[in-house]
Amino acid sequence: MKLLKTTLRTAAAAAIVAGTAATAYAQDVTLKLHQFLPAQANVPKLILDVWADKIEAESEGRIKIERYPSMQLGGKPPHLIGQLEDGIADIVWTVAGYTPGRFPQGEAFELPFMMTNAEATSRAYWEYAEANMLDKEYAPFKVIGLWVHGPGLIHSKKPIAAPADLNGVKLRAPTRVTNKFFTELGATPIGMPVPAVPEGLSKGVIDATVIPWEVTGALKVPELVHNHTEFGDASLYTTTFIFAMNKDKYNALPDDLKAVIDANSGAEVSAWAGKTMAASDAPSRAKAVEMGNNIVALNEAQVAEWKAAAASQEVDWVAEMTKKGYDGKALLDQAKSLIASHTK
């Protein structure tokens, strides 16, 4: 009888220990972060890894974030949003325009000459999304951050100074809005995610690409083309990015771990990411200059010509959005107002 009691006590103690361990284990989580650029590129290195390291530290190691660059979990960049929804990836960073038509309201920020600087425009983008998108287009996800890159410019095999110089140029552009704009200027847009740009340039599939300076180094663009068209203090265009988490995975977290994710999401993260991304423009530009590449620096009159050529894009976008049931003019005015209010 004594032996039986001892055995039962031992079994009960083991069950308690096992239950405690199971509870602790259940509260620990591994998240798979999937994105399309090489690990050494600026965004993974300076933004995504910094964010992931912070989450791991603030969760005291209870959240582990596995990083999968260059589409290592499979698929192509346009599949990232679907992978997030399907749970193939727990967190993704992607270009909103890789899924054309999925996030129409956010396109206001991609219209020509809309952005001022990446930090202000990213903060405006987050506030605009809070008002219009978090409970609509972005409702299927836990959105961590929304931001834009620094001034977009043209990198080309032949110099481009005037809109007419784009006539017949095979050009890679990132979004539906930019593709429409460049088509109307006479270019032949070729759709491809940014990792495909080097091969596209080297094989002659494209003659030019529009991207910010910061990613040119990782893609070796200055080695493949030798002309870079800048627009002074203006930005020809920018691209909107989405950094988001699978909502079911987020909802399954205990409250204290949700709080860690929440503390590292929102307007401040968005503004920091935009600012950090744009800060990498100058070093990348310096490398192109060092190589002896041709910087086509447009003067005020030349920039005015491009702005005049772009004027119809806002009118067209408002009409398209209104046709879809949105108040296109109100959205455009709101985006402009928010950008202006955050620009110093």
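For the structure itself, consult the block above.
Criteria and cut-off values
Residues numbered from 1 in each chain as written. Predicted model: local features only at pLDDT ≥ 70, side-chain atom pairs only at ≥ 80, totals over all residues. Heavy atoms only, no water. Pairing = 2+ DSSP bridges. Helix = DSSP H or I, 4+ residues; strand = E, 2+ residues; numbered from the N terminus. Buried < 20%, exposed > 50% of the residue type's maximum accessible area, 1.4 Å probe, protein only. Contact = heavy atoms within 4.5 Å. Axes fitted to C-alpha atoms, helices over the stretch in contact; angles between N-to-C directions. Core = buried A, V, L, I, M, F, W, Y, C linked by side-chain atoms within 4.5 Å. Polar contact = N/O pair within 3.5 Å; in protein donor to acceptor, adjacent residues only side chain to side chain. Phe/Tyr/Trp six-rings, centres within 6.5 Å; stacked < 30°, edge-to-face > 60°.

Chemist: Where do I start with the sheet that holds strand 8 (residues 208-211) in this structure?
Modeler: Sheet strands associate in pairs through backbone hydrogen bonding, adopting either a parallel or an antiparallel arrangement. Taken in spatial order, the six strands make up an open sheet running 7-6-8-5-9-11, and their pairing is mixed. Both edges of this open sheet fall to strand 7 (188-189) and strand 11 (294-297), since each of them pairs with a single strand only. By the bridge criterion, two bridges tie strand 6 (residues 170-172) to strand 8 in an arrangement that is parallel. Across the sheet, the residue bridging to Arg 172 is Thr 209, located in strand 8.

Chemist: Explanation requested: the environment of Leu 111 in the structure shown.
Modeler: Topologically, Leu 111 is positioned in the loop between strand 3 (91-95) and helix 4 (118-132). Judged by relative accessible area, Leu 111 falls into the buried class, the value being 2%. Separated by 64 residues in the primary sequence, Leu 111 and Thr 175 place their C-alpha atoms 10.0 Å from one another. Leaving out residues up to four positions away in the same chain, Leu 111 has contacts with Val 177, Gln 313, Glu 314, Trp 317 and Leu 332.

Chemist: Got a minute to help me understand the sheet that holds strand 4 (residues 141-148) in this structure?
Modeler: The strand order 2-1-3-10-4 describes an open sheet built from five strands, whose pairing is mixed. The open sheet has two free edges, formed respectively by strand 2 (63-68) and strand 4, since each of these has just one partner strand. Across the sheet, the mean angle from the axis of one strand to that of its neighbour is 20 degrees, orientation sign disregarded. Examined bridge by bridge, strand 4 and strand 10 (residues 240-246) share seven bridges and lie antiparallel to one another. For Gly 145, the partnering residue across the bridge sits in strand 10 and is Phe 243.

Chemist: I'm lost on the nonpolar core in this one. Help?
Modeler: One recurring pattern in soluble globular proteins is that nonpolar side chains are buried together. Grouped together as the largest cluster of nonpolar side chains are 99 residues, with contacts concentrated most on Trp 51, Tyr 138, Phe 182 and Trp 306. Sequence-distant contacts of Trp 51, that is, excluding residues within four places in its chain, are made with Ile 65, Ile 91, Ile 144, Phe 243, Ile 261, Asn 264, Val 269 and Trp 272.

Chemist: How do you make sense of the side chain of Thr 276 when you look at a structure like this?
Modeler: Mapped onto the secondary structure, Thr 276 falls in helix 11 (residues 267-279). Only 2.7 Å separates the side chain of Thr 276 from the backbone oxygen of Trp 272, close enough to count as a polar contact. Discounting chain neighbours no more than four positions away, the residues touching Thr 276 are Leu 46 and Ile 47.

Chemist: What is the right way to read the packing of aromatic side chains from this model?
Modeler: Two aromatic rings, taken as a pair, are described by how far apart their centres are and by the angle between their planes. Taken as a whole and judged by the stated rule, the model has 14 aromatic pairs. Consider the rings of Phe 231 and Trp 306, whose centres lie 5.2 Å apart with planes at 85 degrees: the pair is edge-to-face. With Phe 231 in the loop between strand 9 (227-230) and strand 10 and Trp 306 in helix 13 (residues 300-323), this residue pair connects regions lying 75 residues apart in the sequence. Grouping residues by exposure puts Phe 231 and Trp 306 together as buried.

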